[in-house]
Amino acid sequence: MNILLTGASRGIGKAARDALEAAGHRVAGHSTRGGSGLIGADLAQPDAPRALWNEALDALNGRIDALVNNAGIYEALA
């Protein structure tokens with residue numbers, strides 16, 4: 001299965017990505033900044049969701065079977 005997983009950089013998202021990949025699924029993971037194999041997209045920006053979707057489609061050979069919408073709000077403690 002080809003899966004787009006938002007919020008995949010840490011916590012539950014990272015654990016879900018690791019588990020899905022270990023089970024043999026192809027996962028296009030997302031984080032706000034990208035890096036480490038993740039697609040970067042700041043979902044607070046109006047055009048970001050469409051750009052993320054299109055980049056994930058490219059990464060997954062034109063097919064996304066499932067979307068796991070795990071992205072959340074992160075506020076750094078000062």
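As the structure is a prediction and not an experimental result, all values here were calculated from the model.

Reading the values: the criteria
Residues numbered from 1 in each chain as written. Predicted model: local features only at pLDDT ≥ 70, side-chain atom pairs only at ≥ 80, totals over all residues. Heavy atoms only, no water. Helix = DSSP H or I, 4+ residues; strand = E, 2+ residues; numbered from the N terminus. Expected span 1.5 Å × (residues − 1). Pairing = 2+ DSSP bridges. Contact = heavy atoms within 4.5 Å. Axes fitted to C-alpha atoms, helices over the stretch in contact; angles between N-to-C directions.

**Topic: helix α1 (residues 11-22)**
Stage number 1. The end-to-end C-alpha distance of α1, which contains 12 residues, comes to 17 Å, matching closely the 16 Å that a straight helix rising 1.5 Å per residue would cover.
Stage number 2. Immediately beyond the C-terminal end of α1, within one or two residues, lies G24, with a positive phi of roughly 100°.

**Examining the sheet that holds strand β1 (residues 2-5)**
Stage number 1. What the 4 strands build is an open sheet, ordered β3-β2-β1-β4; its pairing is parallel. The two strands at the open ends of the sheet, each matched to only one other strand, are β3 (39-40) and β4 (66-68).
Stage number 2. Looking at chain direction, β1 and strand β2 (residues 26-31) are connected through 4 bridges and run parallel. When the sheet's bridge partners are listed, L5 is paired in β2 with G29.
Stage number 3. On top of the sheet, α1 reaches β1 and β2; it is set at about 170° to β1, its chief contact.

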